Amino acid sequence: MSTQKKSYALPMIIIGALFFVLGFVTWVNGTLIPYLKIACELESDLLSFLVVTAFFIAYALMAVPSSFVLRMTGYKKGMALGLFVMAIGAILFIPAAQARNFNVFLVGLFIIGSGSALLQTAANPYASIIGPIESAAMRISIMGVCNKVAGILAGLIFGAIALNDTDALVQSLHTMDTAAKNAQLDELASRVIVPYIIIAGVLIALAIAILFSGLP
């Protein structure tokens, strides 16, 4: 029994990390809504809520295709592929922030959502089969905790980075000339570049780790 527990301890840690990543990139969207409304000068709340729409519409569109992909790749390579796709979407945030282009942000979010759909399609059942069937519910519950903890941290960390002093900034924008206003908005937009470079790096590193891991 001790040997059996050790055999699925590492897979549990890896899958837990995947659920943490899924939670982080999903819940950070809530912070992106007010951030992009300011940085991209969106005229209505409806436009800013396209942030959530672009991400979650990918789940609806990619659900069935994800199952076909996993049939060809298997769970292990499928999870790595999902992480690589998410990394591409995260990297796209760099030119989007530099140009303050809302449409490019939405494309990046859709790509991240597509990778998340593939990753979640593989990770959810994988969590139930990497150990004894009688403890599958417990493993899935643990994965849910990893997901929710990441969601809490995503809001706190990204809010502190991207939304720091934005209330004062919004007030001051009304009194600035065009050049000063654009400079301030460019600075605001650039705040997401480093975080999303880090996110992309973590996603790629995790994908490589999964490919070379001992996951069955």
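Residues numbered from 1 in each chain as written. Predicted model: local features only at pLDDT ≥ 70, side-chain atom pairs only at ≥ 80, totals over all residues. Heavy atoms only, no water.

Visitor: Looking at this model, I keep getting lost on the layout of surface pockets. Mind explaining?
Guide: Roughly 180 Å³ of internal volume is contained in the largest pocket. Lining the largest pocket we find Lys 37, Ile 38, Glu 41, Leu 42, Val 170, Leu 173, His 174, Lys 181 and Leu 185. When grouped by side-chain class, the residues that make up the lining of the largest pocket number five nonpolar, one polar and three charged. (1 Å grid on protein atoms, 1.4 Å probe; cavity = no way out; pocket = protein on both sides within 12 Å on 5 of 7 lines; lining within 4 Å. Points joined across faces, edges and corners; volume = space filled by probe spheres on them. Nonpolar A, V, L, I, M, F, W, Y, C, P; charged D, E, K, R; others polar.)

Visitor: Explain helix 9 (residues 178-190) to me, please; I cannot follow it from the model alone.
Guide: Working note: α-helix, 3.6 residues per turn, so residues spaced by three or four point in the same direction. For helix 9, with 13 residues, the first-to-last C-alpha span of 18 Å sits near the 18 Å given by 1.5 Å per residue. Residues Leu 185, Leu 188 and Ala 189 constitute the buried set of helix 9. Across the axial projection of helix 9, the buried residues extend over an arc of 95°, all falling on one side. At its buried positions, helix 9 is contacted by helix 2 (29-39), helix 5 (93-99), helix 7 (136-162) and helix 8 (166-173). Capping the start of helix 9, Asp 177 holds a side-chain oxygen 3.3 Å from the backbone nitrogen of Ala 179, two or three residues further along. (Helix = DSSP H or I, 4+ residues; strand = E, 2+ residues; numbered from the N terminus. Expected span 1.5 Å × (residues − 1). Buried < 20%, exposed > 50% of the residue type's maximum accessible area, 1.4 Å probe, protein only. Arc of directions from axis to C-beta. Contact = heavy atoms within 4.5 Å. Polar contact = N/O pair within 3.5 Å; in protein donor to acceptor, adjacent residues only side chain to side chain.)

Visitor: Hey, could you run me through the nonpolar core in this one?
Guide: When a protein is soluble and globular, its nonpolar side chains tend to lie buried together. One finds Ile 15, Leu 32, Tyr 35, Met 79, Leu 83 and Tyr 196 to be the most contacted residues of the largest nonpolar core, which totals 64 residues. In terms of residues, this core owes the most to one element, helix 6 (residues 102-129), which gives eleven residues. (Core = buried A, V, L, I, M, F, W, Y, C linked by side-chain atoms within 4.5 Å.)

Visitor: Please clarify how the environment of Leu 163 should be interpreted in this entry.
Guide: Take Leu 163: it is sitting in the loop between helix 7 and helix 8. With 74 residues separating them along the chain, Leu 163 and Gly 89 place their C-alpha atoms 21 Å apart. If we ignore the near neighbours within four places in the chain, the residues touching Leu 163 are Thr 31, Pro 34, Tyr 35, Phe 158 and Arg 191.

Visitor: Sorry if this is basic, but what is going on with the packing of aromatic side chains here?
Guide: Inspection of the entire model under this criterion finds eight aromatic pairs. For the ring pair Tyr 35 and Phe 158, a centre distance of 6.3 Å and an interplane angle of 85° mean the geometry is edge-to-face. Separated by 123 residues along the polypeptide, Tyr 35 in helix 2 and Phe 158 in helix 7 bring together distant segments of the chain. Taking relative accessible area as the criterion, Phe 158 reaches 3% and is therefore assigned buried. Note on Tyr 75 and Tyr 126: the rings are 5.9 Å apart at their centroids and 75° apart in plane angle, and the pair reads as edge-to-face. Here Tyr 75 is found in helix 4 (residues 50-91), whereas its partner Tyr 126 is found in helix 6, with 51 residues between them in sequence. Residue classification places Tyr 126 among the buried positions, given a relative accessible area of 3%. Among the aromatic residues, ring-to-ring pairing joins Tyr 35, Phe 93, Phe 105, Phe 158 and Tyr 196 into one connected group. (Phe/Tyr/Trp six-rings, centres within 6.5 Å; stacked < 30°, edge-to-face > 60°.)

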